[in-house]
Protein chains: 2
Amino acid sequence: MALTEDPRPLIHFTPQNGWMNDPNGPWFDEKEQLWHLYFQYTPNDTTGSSDLHWGHATSTDLSTWVDHGVAIAPEEKGQGIFSGSVVVDHNNTSGFFDDDIDPRQRVVALYTLNSKDAQTQEVAYSIDGGYSFTKYEANPVLDVNSKQFRDPKVFWHEPSNHWVMVLAKSQEYKIQIFGSTDLKNWVLHSNFSAGLYGFQYECPGLFELPIEGEDKKKWVMLLAINPGMPLGGSANQYFIGDFDGYRFIPDDSQTRIHDHGKDFYAFQSFSDAPLEDGVLGVAWASNWQYAKHVPTKEWRGSTGIVRNHTLARMPANPESDLLTLVQKPVIGSSVKAERLVEEKNLTLSSSDPISAKANKTGVFDIELTFTVSAEKKVSKVINISILSNSHNGTKEEITLGYDANVEAFYVDRGIDNKFNKNPFFTDKISAFVEPLKTDKDSNKTFNLRAIVDKNLLEVFLNDGSSTITNTFFMSEGSLPESVVLSASTDDTYVVDFAVDELSLRH
Amino acid sequence: MALTEDPRPLIHFTPQNGWMNDPNGPWFDEKEQLWHLYFQYTPNDTTGSSDLHWGHATSTDLSTWVDHGVAIAPEEKGQGIFSGSVVVDHNNTSGFFDDDIDPRQRVVALYTLNSKDAQTQEVAYSIDGGYSFTKYEANPVLDVNSKQFRDPKVFWHEPSNHWVMVLAKSQEYKIQIFGSTDLKNWVLHSNFSAGLYGFQYECPGLFELPIEGEDKKKWVMLLAINPGMPLGGSANQYFIGDFDGYRFIPDDSQTRIHDHGKDFYAFQSFSDAPLEDGVLGVAWASNWQYAKHVPTKEWRGSTGIVRNHTLARMPANPESDLLTLVQKPVIGSSVKAERLVEEKNLTLSSSDPISAKANKTGVFDIELTFTVSAEKKVSKVINISILSNSHNGTKEEITLGYDANVEAFYVDRGIDNKFNKNPFFTDKISAFVEPLKTDKDSNKTFNLRAIVDKNLLEVFLNDGSSTITNTFFMSEGSLPESVVLSASTDDTYVVDFAVDELSLRH
């Protein structure tokens, strides 16, 4: 069986060799109908210790990627091409392009040049559809004499007719908002500070999202901090409000967490994506607390799954609805789903777990809807176990589930092996969500979707209104092989349950 | 050896029998020079499932407590005396007292009466120095027709010459600020919302603190949320700003975490404490995710150690200082400290750990100052292990330490026993702090103090500018017995290290 052969995630991007961290400048080439992703990359080591490059990958469907290696390299030793974004300069506002270049491929990258004494913003452009870049001769385009000034995210703001750049004055805890008409000359318009500060701000984002069920849109300001999250290390937070092209005004002082797992950082939205109802984006699926130590071999680091984002007003408790990000995973057409298990309207009994066993890849897409009986029980736990192929006779297991007594979902990625002893590789992670629906008898309905891809678990709770992204590392040779749904008590849950095994068409 | 005989914390309050959660109404009786603590209490069960009372305890030194049992009980089944505060009404603004009652003992309790259909604020007074209470005949004093309206914290605000009450409109995510001149009639002045919202707000607090090294004070607004913390379940957050008696205006939009551990909730400051330079307060040392399941027997729940709070401007990174709470544990005169180990200016080697073994109680007060060599090393970990007396031949261990590669402190309370399998009892908890001092060669100095009391570990990092409070549960019969300091590499740390064993003078 193929399970043990390739420990590399199947439907997530990983570099062929070397190290990756933040996704950079993802965009959609409308001419070629091709998705581009860049990323923080060191080709020759797996610890990210040497000078960072932009790596490059492309995809026709956001699920499988072709790795093109280095797209932008630093000029000198000790310098790094740090995070940034790509825009499509349709109208050639920058003057980098002539009429030979299709407006849909007028690609400009804006990134931070990290050197010993400064972080400055630079521009490079591509006339071959994003594969190779020419650095602007008058770089840097933005230099404020700071060592902690980085990660420009740029987009065209139609109402104010100019380019907007958000970037982090990292250690002053400011997201700065600049404007430009040519991508070269930038004017500071405002600063934004909020939320958990940690050590520093990184990788800001700003985009407009529709509110589901309402004929209204709101702006979302994202920012990443590392270290300093309550769960440990790095994570993303966001704020909801209005943006007029110059200033972001949050609706409230609420600090919202983008993903409740430990492996979701440096989120980037896609430029020029042909979207009707949301914004596509992608995060790095790791945490700086242990990213350099995870037990993969030729490569280290991967993206999370590409997600579409909207906003929705969800029940936060019986008295309040709150606007929240809703995230849905994108599974592209290169992925084949083979149904292993399908149950409808089943009452789960403690003695009768439901199992799904992989045939090929051990990559799973799990969907579960369940209704918790309001009737009092001593213990009401529903549990999905992801079991490895037998490794030295012992199956390794990670679990997720819902505890109706505690009223929370949990993920436990604690496996008794060497890597898991890392004191920062937090085992037990939980998230609280209100029921999607509570009926007149107080029975509560929830749903979840979980994507399991070799060493990555992404859980989408209640239609994606809360998510938990965690890597996990079974011992060498062990990979997910089966999925088992079980309950601690009889007659407590009515469930719809389906497990697909995912593989690639090729 | 006595270690195994009593699993009850020695220098923290636990009820003799039954369940406790939030501390309530702590105050200082200046006449008797006696500290009073009330608390959410059910005498007859250890799960907090029945109707909550106020329990009562007193202490002469804040370290050892006499349990007086129930102070305020509900009148009817299904009702509960929920959290609140006690004030000393020196000037008899309430009219509850006559001249027979010493002004220093004019004790008024304000608490939430929880009933099936409403949460209302009630008043009770004591004419015997806080031991028994008479409920005001015209209760409730505040009823806004809400089921989620609770936890009044009251104090006298001298500049505006009135009583101030902060309380939580819990599921609307509002801290409401009321004013009164007689403790009976209350007027709403303002609302405050900020930070992580979770499911609901609880247990607000508001007090003024001096800023260390500056001739200035600031107000601190505290609030607790449960569930919904990124670390899982319940925790306290705070905001720093100004207060004029009517409205709290935060200095910034920063969300600050009161304690980075998993067992610090529902903090209450002491009323009428004779303070020169700070505010004393106490939290509940548990988390609603597992509080009802912890493996103690006659009782469940304890307080954290009483802490003095100030504010200080601490380095948050090389470019910013941030105002932060500084917390110092109070060890009272009833506690005897016997030094087990003392090392000064020692270079720690990987082959030569330093051990301290308990003689009596296994209750430790550990102090460590260390300087991390800037010289690059493959691995730079410093580790304090707390080892149990041998249990079935296997010593159980919890660890805390500093990883210089990750630049963070960690606590790992994962012990392979039955209770620790609880998926919400998060094993691995970490906190980042900047060095207290960085010398010209980039060597970094940190300090920590750790109090270990049977099943409670409280870590105070960098003079208490960050804290981590965690319960831990070794298997039955196992208790902390020795403390071992070790390093992963030679010549990396220069340390001062002292371990005291704490016992009671009696």
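Structure first, text after, so check above.
The structure presented is a predicted model; accordingly, all values stated were derived computationally and were not measured.

What to know about the overall build of chain A
Then comes step 1: For chain A, the count of helices and strands is zero helices and 35 strands.
Then comes step 2: Radius of gyration (C-alpha) of chain A: 23 Å, near the 23 Å computed for a compact globule of 506 residues.
Then comes step 3: Projected onto the principal axes, the alpha-carbon positions of chain A cover approximately 70 × 50 × 40 Å.
Then comes step 4: Residue burial in chain A is summarised as follows: out of 506 residues, 67% are buried.
Then comes step 5: Long-range contacts, defined as pairs at least 24 residues apart, comprise 61% of the intrachain contacts of chain A with a sequence gap of at least 6.
Then comes step 6: Looking at chain A as shown, the accessible area adds up to about 17800 Å², and 44% of this sits on carbon and sulfur atoms.

Some points on the pattern of salt bridges
Then comes step 1: Scanning the entire structure with this criterion turns up 48 salt bridges over all chains.
Then comes step 2: With its nearest N and O atoms 2.6 Å apart, the salt bridge here joins Glu214 of chain A to Arg313 of chain A. Of the two residues, Glu214 of chain A is situated in the loop between β13 (201–210) and β14 (217–225) and Arg313 of chain A in strand β21 (residues 307–317); the sequence distance between them amounts to 99 residues.
Then comes step 3: The residue Glu342 of chain B makes a salt bridge to Arg339 of chain B at a minimum N-O spacing of 3.1 Å.
Then comes step 4: Taking relative accessible area as the criterion, Arg339 of chain B reaches 41% and is therefore assigned partly exposed.
Then comes step 5: Among the charged side chains, a salt-bridge network with shared partners connects Lys169, Glu172 and Lys174 of chain A.

Focus: the nonpolar core
Then comes step 1: Ranked by size, the top nonpolar core spans 82 residues in total, and within it Phe370, Leu457 and Phe497 of chain A together with Phe370, Leu457 and Phe497 of chain B carry the most contacts.
Then comes step 2: Discounting residues that sit within four places of it in the chain, Phe497 of chain A has contacts with Val341, Glu342, Glu343, Ile354, Ile366, Glu367, Leu368, Ile384, Val483 and Leu485 of chain A.
Then comes step 3: If you look at the next biggest cluster of nonpolar residues, it comprises 50 residues, including Ile175, Phe243 and Ala316 of chain A together with Ala168 of chain B.

Here we look at the pairing of strand β7 (residues 119–126) of chain A
Residues and elements named next belong to chain A.
Then comes step 1: Of all eight residues making up β7, eight are buried, and the element is well covered by its neighbours.
Then comes step 2: Residues Gln119, Gln121, Val123 and Tyr125 line one face of β7 and the alternating positions Thr120, Glu122, Ala124 and Ser126 line the opposite face, and both faces are buried.
Then comes step 3: Bridge count for strand β6 (residues 107–114) against β7 is eight bridges, and the pairing is antiparallel. Residue pairing across strands places Tyr111 opposite Glu122, the latter belonging to β7.
Then comes step 4: In sequence, β6 turns back onto β7 through a hairpin of four residues.
Then comes step 5: For β7 and strand β8 (residues 134–135), the ladder comprises two bridges, and the chain directions are antiparallel. Residue pairing for β8: Ala124 is matched across the bridge by Lys135.

Structural notes on the pairing of strand β25 (residues 363–372) of chain A
Residue and element names in this part refer to chain A.
Then comes step 1: In terms of residue burial, β25 counts as a mostly covered element, since seven of its 10 residues are buried.
Then comes step 2: Note that β25 and strand β31 (residues 444–453) share 10 bridges and pair antiparallel. Across the sheet, Val363 pairs through a bridge with Asp453, a residue of β31.
Then comes step 3: Bridge analysis of β25 against strand β35 (residues 493–504) gives nine bridges, and the strand direction is antiparallel.

What counts, and at which threshold
- Residues numbered from 1 in each chain as written.
- Chains lettered and ligands numbered in written order.
- Predicted model: local features only at pLDDT ≥ 70, side-chain atom pairs only at ≥ 80, totals over all residues.
- Heavy atoms only, no water.
- Helix = DSSP H or I, 4+ residues; strand = E, 2+ residues; numbered from the N terminus.
- Rg over C-alpha atoms; globule rule 2.2 N^0.38 Å.
- Buried < 20%, exposed > 50% of the residue type's maximum accessible area, 1.4 Å probe, protein only.
- Contact = heavy atoms within 4.5 Å.
- Areas by Shrake-Rupley, 256 points an atom, 1.4 Å probe, with all protein chains shown as cover.
- Salt bridge = Lys/Arg side-chain N within 4 Å of Asp/Glu carboxyl O.
- Core = buried A, V, L, I, M, F, W, Y, C linked by side-chain atoms within 4.5 Å.
- Pairing = 2+ DSSP bridges.

Without other data, these values stay purely geometric and don't point to any function.
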